[in-house]
Amino acid sequence: MRKNLLSQIKGLITSMRIKQWTKNLLVFAALLFSSKYATSAQVIASFVAFILFCFTSSSVYLLNDFVDREADGLNPEKCHRPMVTGQLNAYVGLLGCIVLSTLTVICGFKLNVLFGVLLLAYLINNLFYSCKLKHVVIMDVMSIAFGFVLRAVGGGIAIHVKLTPWFLLCTLLLALFLAIGKRRYEIGLLVDSTIQHRQVLKQYSTQLLDQLNSIVATAAIMSYALYTFTSGKSIAMMFTIPLVIYGIFRYLYIIHIRNQGGSPTKILFSDKPILLTVILYGFSVFVILSNFN
């Protein structure tokens, strides 16, 4: 009995995908871009918002694993997930999803009413994605990207900072870039079982996804360049443009030459040039906005 309970707890923690919490670092974007005037209360609020988004995203992962447990058994990488192997009872995982999402939304409303509403919108978006939108071509990647925009907006709401439209557009385009890259990787990985695993993949082709990524990558670079000049921040922000260009080019190299892209989080920590670029970018923005704004 005790052994089974420990197995369920371990499976639940694994299914929460703590390694994926790095995606929620986007919540700190508002704090980073207002670093010169940030207060200790804003720093604390950002950390609380980050933790709430982490547990909310974990509840979403539990829901996805519950909905996709049969399809994941056909995926050579996802077939080892706890709900697929039986380590975690599927309905225990669903209960964990309900408890986590309920508690985080309640805490979100206590932090800030608007933040609570946004957290609820994030959950609803992911609920629609898990149940319907993941099977609708184009809308699937749009829904994923929208989730990243909500993270960025949530970070701003938590510390009462208004993010510029240009920044939100850059966030949307970068998230689309990563989502499209993930779909391309899945098509290459599941050549023999594409239709059986994820119905929407039969609506895509490698050529279409390459074309979409070219459009999105170009738009992201142009939007970021315009943001550095028109956001009202220091003109020195223009010196971060090469870092953004290199980061996007490096990711394209990883997608097309290394045939990777299934997990942006894994790439972030395994590819040293990407990791160094992200760290250098964050440090550069902090220094520029703290001293030259």
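Residues numbered from 1 in each chain as written. Predicted model: local features only at pLDDT ≥ 70, side-chain atom pairs only at ≥ 80, totals over all residues. Heavy atoms only, no water.

J.: With reference to specific residues and values, describe unusual backbone geometry.
T.: Among all residues except glycine, the phi angle is most often negative; among peptide bonds, the trans geometry is most common. Even without being glycine, Arg17 reaches a positive phi, approximately 50 degrees. Tracing the sequence through the fold places Arg17 in the loop between helix 1 (2-15) and helix 2 (29-32). The buried category is assigned to Arg17, whose relative accessible area is 18%. For His160, which is not a glycine, the phi torsion comes out positive at approximately 60 degrees. Structurally, His160 is set in the loop between helix 8 (139-158) and helix 9 (165-189). (Helix = DSSP H or I, 4+ residues; strand = E, 2+ residues; numbered from the N terminus. Buried < 20%, exposed > 50% of the residue type's maximum accessible area, 1.4 Å probe, protein only.)

J.: Describe helix 12 (residues 241-256), with residues and values.
T.: The terminal C-alpha atoms of helix 12, which comprises 16 residues, lie 23 Å apart, in line with the 22 Å expected from a rise of 1.5 Å per residue. Among all positions of helix 12, only Ile241, Leu243, Val244, Gly247, Ile248, Arg250, Tyr251, Ile254 and Ile255 are buried. (Expected span 1.5 Å × (residues − 1).)

J.: Any chance you could break down the pattern of salt bridges for me, citing the residues and the numbers?
T.: Scanning all chains against the criterion turns up 7 salt bridges. Between Asp271 and Arg250 there is a salt bridge whose closest N-O contact spans 2.7 Å. A residue pair is termed long-range when its members are at least 10 positions apart, and Asp271 in the loop between helix 13 (264-270) and helix 14 (272-291) and Arg250 in helix 12 qualify at 21 residues. The exposure class of Asp271 is buried, given its relative accessible area of 4%. (Salt bridge = Lys/Arg side-chain N within 4 Å of Asp/Glu carboxyl O.)

J.: Please give an account of the state of the cysteines that cites residues and values.
T.: The full count for this structure, using the stated rule, is 0 disulfides. Take Cys54: it sits in no disulfide, and the sulfur closest to it among the cysteines is that of Cys107, at 14 Å. The class for Cys54 is buried, based on a relative accessible area of 0%. (Disulfide = S-S within 2.5 Å.)

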